[in-house]
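Residue-level listing of the chains:
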Amino acid sequence: MSWRTASKAKWLASLPGVSEDEPLASRTSFGIGGPADFFVEMSRPQAIEELIEGCAERGIPYLLLGAGTNLLIADAGVDGLVLRVVNREHHVDGRQVRAGAGLKMMRLARIVADAGLRGFEFAIGVPGTVGGAVYQNAGCWGKELREVLVEVEGFMPSAGKKTWKPADLKFGYRTSALKEGALKGGLVVEATIQLERGDGEQAKALMAKLTRERGETQPIKTKNCGSVFKNPPGDSAGRLVQAAGLKGAREGSAVVSTMHGNFIVNEGGATAADVKVLIERIQAEVRRRFNIELETEVEMVGRFKG
Ligand SMILES: Cc1cc2nc3c(=O)[nH]c(=O)nc-3n(C[C@H](O)[C@H](O)[C@H](O)COP(=O)(O)OP(=O)(O)OC[C@H]3O[C@@H](n4cnc5c(N)ncnc54)[C@H](O)[C@@H]3O)c2cc1C
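What counts as what
Residues numbered from 1 in each chain as written. Predicted model: local features only at pLDDT ≥ 70, side-chain atom pairs only at ≥ 80, totals over all residues. Heavy atoms only, no water. Helix = DSSP H or I, 4+ residues; strand = E, 2+ residues; numbered from the N terminus. Rg over C-alpha atoms; globule rule 2.2 N^0.38 Å. Buried < 20%, exposed > 50% of the residue type's maximum accessible area, 1.4 Å probe, protein only. Contact = heavy atoms within 4.5 Å. Areas by Shrake-Rupley, 256 points an atom, 1.4 Å probe, with all protein chains shown as cover. Lys, Arg positive; Asp, Glu negative; His and termini not counted. Charge placed at Lys NZ, Arg CZ, Asp CG, Glu CD. Polar contact = N/O pair within 3.5 Å; in protein donor to acceptor, adjacent residues only side chain to side chain. Domains from an automatic or database assignment. Buried area = accessible area lost by both parts, 1.4 Å probe. Salt bridge = Lys/Arg side-chain N within 4 Å of Asp/Glu carboxyl O. Nonpolar A, V, L, I, M, F, W, Y, C, P; charged D, E, K, R; others polar. Near = heavy atom within 4 Å. Phe/Tyr/Trp six-rings, centres within 6.5 Å; stacked < 30°, edge-to-face > 60°. Lys NZ or Arg CZ within 6 Å of the ring centre and 35° of its normal. Axes fitted to C-alpha atoms, helices over the stretch in contact; angles between N-to-C directions. Parallel < 35°, antiparallel > 145°, perpendicular 65-115°, else oblique.

## Structural notes on the overall build of the protein chain
Phase 1: Tallying secondary structure elements over the protein chain gives eight helices and 18 strands in all.
Phase 2: For the protein chain, the C-alpha radius of gyration of 20 Å lies close to 19 Å, the compact-globule estimate for 306 residues.
Phase 3: Dimensions of the protein chain, computed from C-alpha atoms along their principal axes, come out at roughly 50 × 50 × 30 Å.
Phase 4: Going through the 306 residues of the protein chain one by one, you find that 52% of them count as buried.
Phase 5: Long-range pairs, those at least 24 residues apart, make up 64% of the contacts in the protein chain between residues at least 6 apart in sequence.
Phase 6: Roughly 13900 Å² of accessible area belongs to the protein chain as shown, and the carbon and sulfur atoms make up 50% of that amount.
Phase 7: Within the protein chain, the 37 negative side-chain charges are centred at a point lying 2 Å from the centre of the 41 positive side-chain charges.

Okay, structure coming up:
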């Protein structure tokens, strides 16, 4: 059933900065996706909180958007309001760093290195925002955000402002209580991380090396969503896709990267339907050959059919 009534649409349309039928493809790293019914970009935490509270009160669905680097948005678009969170302030206080949810993890990695802090180099591999990284417990090269996270300032409609400790967020491999649990619908406003004092120049040299090496093994310069599948316990999704002979498999303009089996690349003009069909083909073939279920890491949102 559609969320839409004339009064809800009128309320949204009356809000400053809100646009209707806003294309989302260019706001994702995949370059894929239909329009948001309504869209707004906001940086002031209080305004963001008031808006999602207003949506929740009226029964209007909302999707929080960061950098759009872990999303496959349906061709038919997204119900209700898509709210892009762009609060990017940051504050370094000794070994602790507070960062707004809209700040990119890669940018934060450079900021903390400049401040002579170590232990956040892994974040140079995560192109998303701090908010998306908390939601997903982002990680790279064997390290995850939860290992350096002290607390999160958040907001929950009808419950108000919250301070969540790592235990409240119930982190797992690429998941948290914000994604699948009691905190679903919650907003990450700001995260505090704690790092070690060290040589910032060494941190930068390590990040440059990691980035260089990654560029040699993953198609990071293409339109993609990072890892499509989670690694199953004790194995790697990329290895399984390759072993199933699916590197280079194609559906329309969506292609399994020949460089790395866990990446699907939009060669230009791929649809979400193409990507979804390709994902299902890979899952079926890996199941048939190895009896292993590949779970998606990329999140499919919006009006998918079936
Ligand atoms: C080339 C490439 C490489 C990648 N490598 C890695 C990697 O090594 N490790 C890794 O973990 N990921 C990786 N990713 C995936 C992605 O960068 C991470 O999952 C990232 O954490 C997503 O952040 P985002 O801001 O892009 O979130 P989005 O894609 O915009 O959103 C993802 C989810 O987070 C939620 N969300 C966003 N902001 C907030 C907020 N403020 N409060 C609450 N919920 C919010 C959204 O509602 C959505 O459900 C890669 C992606 C690409 C394109």
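Having seen it, we continue.
## Observations regarding the side chain of E144
Phase 1: Along the chain, E144 falls in strand β10 (residues 143-144).
Phase 2: Assessed through its relative accessible area of 12%, E144 is described here as buried.
Phase 3: A polar atom in the side chain of E144 sits 3.2 Å from the side chain of N137.
Phase 4: Apart from residues no more than four positions distant in its own chain, E144 is found in contact with F122, N137, A138, G139, G172, Y173 and R174.

## Structural notes on the domain arrangement of the protein chain
Phase 1: Partitioning the protein chain into structural domains gives domain 1 (7-85), domain 2 (90-216) and domain 3 (237-301).
Phase 2: Computed from C-alpha atoms alone, the centre-to-centre distance between domain 1 and domain 3 is 28 Å.
Phase 3: Taken together, the contact pairs 10 residues of domain 1 with 13 residues of domain 3.
Phase 4: Of the roughly 1000 Å² buried between domain 1 and domain 3 on both sides combined, carbon and sulfur atoms contribute 63%.
Phase 5: It is F30, N70 and L72 in domain 1 that bury the most area against domain 3; as a group they hold 55% of the surface buried on that side.
Phase 6: At the boundary of domain 1 with domain 3, the tally comes to zero salt bridges.
Phase 7: For the interface between domain 1 and domain 3, the tally reads eight residue pairs in polar contact (both at pLDDT 80 or more).
Phase 8: Sort the elements by how many residues they give to the side of domain 1 that touches domain 3 and strand β4 (residues 71-73) lands first, with three residues.
Phase 9: Residue composition of the side of domain 1 that touches domain 3, grouped by class: seven nonpolar, two polar and one charged.

## Considering the site of the ligand
Phase 1: Residues in contact with the ligand amount to 33 residues; listed here are only the nearest, L64, G66, T69, T129 and G139.
Phase 2: Here A67 contributes a backbone N or O atom positioned 2.9 Å from an oxygen atom of the ligand.
Phase 3: When isolated, the ligand has an accessible area of 970 Å², and the protein chains bury 96% of it.
Phase 4: At the level of secondary structure, the elements contributing two or more residues to the shell around the ligand comprise β3 (62-65), α4 (130-136), β9 (139-140) and β13 (187-194).
Phase 5: Of the residues that constitute the shell around the ligand, the class distribution is 15 nonpolar, 15 polar and three charged.

## A word on the packing of aromatic side chains
Phase 1: Under the definition given, this model contains two aromatic pairs.
Phase 2: With centroids separated by 6.1 Å and ring planes inclined at 75°, the aromatic side chains of W3 and F38 adopt a geometry described as edge-to-face. With W3 in the segment before α1 (6-13) and F38 in strand β2 (residues 35-42), the pair connects residues that are 35 residues apart, well separated along the chain. Neither W3 nor F38 differs from the other in exposure class; each is buried.
Phase 3: Residue placement shows R58 over the ring face of W11; its charged tip is 3.8 Å from the ring centre.

## Remarks on the environment of F171
Phase 1: Along the chain, the position of F171 falls in the loop between α5 (166-169) and β13.
Phase 2: Once the C-alpha coordinates of F171 and N137 are considered, the two residues, 34 residues apart in sequence, prove to be 6.4 Å apart.
Phase 3: Each residue touching F171, except ones within four places of it in the same chain, is listed here: V134, N137, R146, L149, P166 and S176.

## With respect to the side chain of E285
Phase 1: Within the element layout of this structure, E285 appears in helix α8 (residues 272-290).
Phase 2: Given the relative accessible area of 18%, E285 is considered buried.
Phase 3: Other than its neighbours up to four places away in sequence, E285 contacts A244 and L246.

## A look at the packing of helix α3 (residues 105-114) against helix α6 (residues 200-217)
Phase 1: Direction vectors running N to C along α3 and α6 enclose 150°, while the axes themselves pass 7 Å from each other. One way to sum up the angle between α3 and α6 is to call them roughly antiparallel. Contacts between α3 and α6 involve A109, R110, A113 and D114 from the first element and G200, A203, K204 and M207 from the second.
Phase 2: For the contact of α3 with α6, a count of residues per class yields four nonpolar, one polar and three charged.

## Regarding α3
Phase 1: M105, L108, A109, I111, V112 and A113 are the residues of α3 that are buried.
Phase 2: The elements touched by buried residues of α3 are β6 (90-93), β7 (96-100), β8 (117-118), α4, β13 and α6.
Phase 3: Remark: G116 follows α3 within two positions and exhibits a positive phi of approximately 70°.

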